[in-house]
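Geometric and topological summary
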Amino acid sequence: MAVGSTVWAQYDAQFSQYFMAMGYYNPGYAGVSEKLNAFALHRQQWIEWTGAPKSFFVTTDMPLKVKKANLGIGAAIFTESIGLFRNTHFGAQLAYKQKLFGGTLSVGLQPGLANIAFRVDSLDLGDSNYHQKEDEAIPKANVNGMGFDMNAGIYYTHKRFYMGIGIMHLLEPEIELEENIYTFIGRSYNLTGGYNIQLRNPLYELQPSVFLKTDMQSFQADITARVVYNNMFNGGLSWRVNESVVVMLGAKFGNIQAGYAYDFPIKAVLLKATTGSHEIFVRYQLNLNKSKSGQYRHKSVRIL
């Protein structure tokens, strides 16, 4: 990301535990679990690399019955500091659900706001005969701008598998930081799918999945395999093609689930600059009951 005339660049965060952070990539995911969910994830990418991305994502979602319509609603907040920029997004999610072929098809939208701030007080151009300290493309003070943004997605879940297609920054907002200085958020696309395989021992389940993301200029592919034991403990490996190998561990106790991922770089240019990336998440789920009217209500905390 840089200032000046319109900028074209990869913008969205990359989460190694994408299968848990689907609410970031696809608003059709809202209400999929049929529970009230609260989810938070923090990622520190490329540690030891000055200005590397630090991301924080929070979302909450739940199913909602309105007359005969099955919906999912949610809210999402994402913030990331990367170099001299701090990007913040706020969005409200609405998904419409329909039973289809023994599963559920969900179509979602996420309207929201994108705020981009540029902190020139953190910029050090140094002293040199080869450049100017004054540049018309660089603001002389901290600046920020805000614009309307929109994500959309389709998500399908079945007893044993899931798949989804998401479009982020559908409107490709151009945000003015100050006069004649803009940033551009390009549209990106993602595709995900996974399958739950019950092993011979009923306590173990294999969960392979894939995640593909592109802005039509760059491409990212993650191939993942996790093993879940007794629906409580899990671990696995992921390969981000031509970039890194990811080790993942997680656990679930009652309504609380947590996970950690460590990315070990395999790309030569990354190996010279960083020892890897850290990522951690926590999720809280609350079971919901349907009343006689079909509306959802909370269970008593005494019987959770």
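See the structure printed just above.
Time to look at the nonpolar core. Across soluble globular proteins, nonpolar side chains have a tendency to be buried as a group. Counting residues in each nonpolar core, the largest one holds 23 residues, and the members touching the most others are Phe15, Met22, Tyr24, Tyr25, Phe39 and Phe57. At the level of secondary structure, the elements contributing two or more residues to this core comprise α1 (22–25), β1 (35–44), β3 (69–82), β7 (161–168) and β15 (244–253). Broken down by element, the residue count for this core peaks at three residues, all from α1. Other than its neighbours up to four places away in sequence, tyrosine 24 contacts Asp12, Ala13, Phe15, Phe57, Phe78, Asn151 and Met168.

This next bit is on the pattern of salt bridges. Side chains that carry opposite charge are capable of pairing whenever their charged atoms lie near each other. Evaluation of the coordinates by the stated rule reveals six salt bridges. Ionic pairing is found between glutamate 279 and arginine 43, a salt bridge with its closest N-O pair at 2.9 Å. Taken as a pair, glutamate 279 in strand β17 (residues 277–290) and arginine 43 in strand β1 lie far apart in primary sequence, 236 residues in all. Taken individually, glutamate 279 and arginine 43 each receive the classification buried, so the pair is uniform in this respect. Notably, a salt bridge pairs arginine 160 with glutamate 205, separated by 2.7 Å at the nearest N-O pair. With a gap of 45 residues between them, arginine 160 in the loop between β6 (143–157) and β7 and glutamate 205 in strand β12 (residues 204–214) connect regions that are remote in the sequence. The exposure class of glutamate 205 is buried, given its relative accessible area of 17%. Each member of the salt-bridge network shares a partner with another, and the members are Arg43, Asp222, Arg240, Asp263 and Glu279.

Cut-offs and rules
- Residues numbered from 1 in each chain as written.
- Predicted model: local features only at pLDDT ≥ 70, side-chain atom pairs only at ≥ 80, totals over all residues.
- Heavy atoms only, no water.
- Core = buried A, V, L, I, M, F, W, Y, C linked by side-chain atoms within 4.5 Å.
- Buried < 20%, exposed > 50% of the residue type's maximum accessible area, 1.4 Å probe, protein only.
- Helix = DSSP H or I, 4+ residues; strand = E, 2+ residues; numbered from the N terminus.
- Contact = heavy atoms within 4.5 Å.
- Salt bridge = Lys/Arg side-chain N within 4 Å of Asp/Glu carboxyl O.

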